[in-house]
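# Report on the structure
One letter stands for each residue in the lines below.
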Amino acid sequence: MDKTHTSNTWSLHSLIPENHPRKESLIIREKIVDGLLNGYVAPQGLIAHGRGECFDYLIGEKTQEFAIKAIKAGVASLLLAKNPVISVNGNMAALVPNEIVKLAELINAKIEVNLFYRTVERERKIAEILKKAGAKEVLGVDEDASATIPELFSERRRVSPRGIYIADVVLLGLEDGDRTEALVKMGKKVIAIDLNPMSRTSQKASITIVDNVIRAFPKMIEIAKELRNKSKEELEQIVKNYNNKEILAESLRFISNYLLQLSRDL
Ligand code: PTJ
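Now for a look at the structure at hand.

### A short note on the overall build of the protein chain
The helix and strand inventory of the protein chain stands at 11 helices and seven strands. A globule of 266 residues ought to have a C-alpha radius of gyration of about 18 Å, and the protein chain, at 18 Å, matches this closely. With the principal axes as the frame, the protein chain shows a C-alpha extent of 50 × 45 × 35 Å. Expressed as a percentage of its 266 residues, the buried residues of the protein chain come to 50%. The long-range share in the protein chain, meaning contacts at least 24 apart out of those at least 6 apart in sequence, stands at 64%. Carbon together with sulfur atoms contributes 52% to the accessible area of the protein chain, which is approximately 13,100 Å² in total. Distance between charge centroids for the protein chain: 2 Å, based on 39 positive and 36 negative side chains.

In structure tokens form, the structure reads like this:
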């Protein structure tokens, strides 16, 4: 069990019994708590995670077919992009740092820290974690976040002129709806990983992966390995056949049927 970030007794890693039926979920929760205790996850990140856990129950805590379709279209778009960027916040850094770096390598994307509750201290800590995971360059830290996204007033408007500002495709997770909308208005294709298909981010993104970042990133890595050998035409075909509204509708139908089935099984 990873105890490297554990800094005080609020973190219960070592107390989770091996045979606890929700062990995996509790370990993931501890990663977020460790991130908070080490100063790089925002306190609000805990609330966001709880919300995510709830929506994960509704999709059976598995990567469903609607997510696979979105992942394929998302990875194809990233492979076709001229300037792909993976945008990283506190929760993503706590949950999938190694996977972010691996995927960025496979699709030749830049990595940029972009925080809703921005502090330079958190930016630096997140960049450090990503560098430990093998990232050669991390954008968006300190002075590098010198460009601004128009029409956006949160601290998330500050971006790197070498990263998100010039990106044609941006992959992000647990995002704020306003920024997703602003990025789309700037003409960028936004691929969002969000467990809630009803969130503004899910509704506004170009491609919505309704799944947990914990499962979505490894799946994206697997699919990137497959798709990087395909021709440009084949990738374009995958993107062309994709319809985000249909995928969101499919995820909502899944949730509704899943709940009906659970009620019948009682
Ligand atoms: O690190 P910062 O400062 O950039 O702040 C990050 C948070 C997450 C606090 C900030 O972006 C925020 O407040 O996000 P929201 O508005 O709470 O949105 C988070 C969305 O992500 C919600 O729709 C959750 O259901 C969803 N979510 C939570 N955990 C996961 C998730 N989606 C995918 N994987 C998860 N593990």
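### A look at unusual backbone geometry
One non-glycine residue, N108, lies in the positive phi region at around 60°. In this fold, N108 is placed in the loop between α5 (97-107) and β2 (110-113). The exposed category is assigned to N108, whose relative accessible area is 66%. Even without a glycine there, the phi angle at D142 is positive, about 55°. Take D142: it is sitting in the loop between α6 (120-132) and β3 (147-148).

### Points about the site of the ligand
As a matter of local geometry, the ligand sits amid 22 residues, with R51, F116, R122, R156 and N212 nearest to it. Here R51 contributes a side-chain N or O atom positioned 2.5 Å from an oxygen atom of the ligand. A distance of 2.7 Å is found between an oxygen atom of the ligand and a side-chain nitrogen or oxygen belonging to R122. Among the elements of the structure, α2 (43-58) and α4 (90-95) are those that each provide at least two residues to the shell around the ligand. It is α2 that provides the largest number of residues to the shell around the ligand, a total of five residues. Grouping the amino acids of the shell around the ligand by side-chain chemistry returns eight nonpolar, eight polar and six charged.

### Some points on the nonpolar core
Among the nonpolar cores identified, the biggest contains 61 residues, and I86 and F217 are the most heavily contacted of them. Excluding residues that lie within four positions of it along the chain, F217 makes contacts with I86, M92, V96, E99, I100, L103, L171 and I193. Of all hydrophobic cores here, the second largest spans 14 residues; its members include A167, A182, V190 and A192.

### Some remarks on the sheet that holds β2
The parallel open sheet is built from five strands, whose spatial order is β2-β1-β5-β6-β7. Lying at the two open borders of the sheet, with one neighbouring strand each, are β2 and β7 (207-209). Direction aside, the axes of adjacent strands within the sheet are offset by 20° on average. Bridge count for strand β1 (residues 84-88) against strand β5 (residues 169-173) is three bridges, and the pairing is parallel. Across the sheet, residue I86 finds its bridge partner in β5, namely L171. This element, α6, spans β1 and β2 of the sheet and lies at about 150° to β2. Packing of helix α7 (residues 177-185) onto the sheet brings it into contact with β1, β5 and β6 (189-193), and relative to β6 it is tilted by some 155°.

Cut-off values and rules
Residues numbered from 1 in each chain as written. Predicted model: local features only at pLDDT ≥ 70, side-chain atom pairs only at ≥ 80, totals over all residues. Heavy atoms only, no water. Helix = DSSP H or I, 4+ residues; strand = E, 2+ residues; numbered from the N terminus. Rg over C-alpha atoms; globule rule 2.2 N^0.38 Å. Buried < 20%, exposed > 50% of the residue type's maximum accessible area, 1.4 Å probe, protein only. Contact = heavy atoms within 4.5 Å. Areas by Shrake-Rupley, 256 points an atom, 1.4 Å probe, with all protein chains shown as cover. Lys, Arg positive; Asp, Glu negative; His and termini not counted. Charge placed at Lys NZ, Arg CZ, Asp CG, Glu CD. Near = heavy atom within 4 Å. Polar contact = N/O pair within 3.5 Å; in protein donor to acceptor, adjacent residues only side chain to side chain. Nonpolar A, V, L, I, M, F, W, Y, C, P; charged D, E, K, R; others polar. Core = buried A, V, L, I, M, F, W, Y, C linked by side-chain atoms within 4.5 Å. Pairing = 2+ DSSP bridges. Axes fitted to C-alpha atoms, helices over the stretch in contact; angles between N-to-C directions.

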